[in-house]
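Residue strings, one per chain:
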Amino acid sequence: MANNLDRAKQFMPFSPLKGYYEMAQYQEYIKEDRHELSESEEQILSEKLSCLKKGVVIKLTYYNEDHYETIVGCVTMIDCILRKIKIIKQEIFFDDILSIENNDD
């Protein structure tokens, strides 16, 4: 049995450049400045957030460190006190949200 385990080790993935691929993927992002929402955009976003319910599938664009990302998924949590929303496993603060689209929109 030990021979089989030793033999299997030779086929395990090996990466001589540990962390390189993650760094290269990070460099693919185009760095963007944060868009400041106008009062009307903030009002529209606030109305959409107030209508959201747990279990609804949405498309949400948000600011993540230095660029915008879009996530599509099911709302798993809305916390109005801490001002954050959770889509699947990704927690996003209300202040980082640029836009929300429902399936109904």
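To keep things clear, this report deals only with the structure shown in the data block. (Residues numbered from 1 in each chain as written. Predicted model: local features only at pLDDT ≥ 70, side-chain atom pairs only at ≥ 80, totals over all residues. Heavy atoms only, no water.)

When you go through the chain residue by residue, the secondary structure sums to 3 helices and 5 strands. When the helices and strands of the chain are read in sequence order from the N terminus, they spell out α-α-α-β-β-β-β-β. Considering only contacts within the chain whose residues lie at least 6 apart along the sequence, 48% involve residues at least 24 apart. Accessible surface computed for the chain: about 8,500 Å², of which carbon and sulfur atoms make up 53%. (Helix = DSSP H or I, 4+ residues; strand = E, 2+ residues; numbered from the N terminus. Contact = heavy atoms within 4.5 Å. Areas by Shrake-Rupley, 256 points an atom, 1.4 Å probe, with all protein chains shown as cover.)

Right, let's talk about the pairing of strand β4 (residues 90-93) for a bit. Pairing analysis gives 4 bridges linking strand β3 (residues 84-87) to β4, with the strands arranged antiparallel. Note on β4: the bridge partner recorded for I87 is Q90. Between β3 and the antiparallel strand that follows it, β4, lie 2 residues; I88 among them carries a positive phi value of about 55°. (Pairing = 2+ DSSP bridges.)

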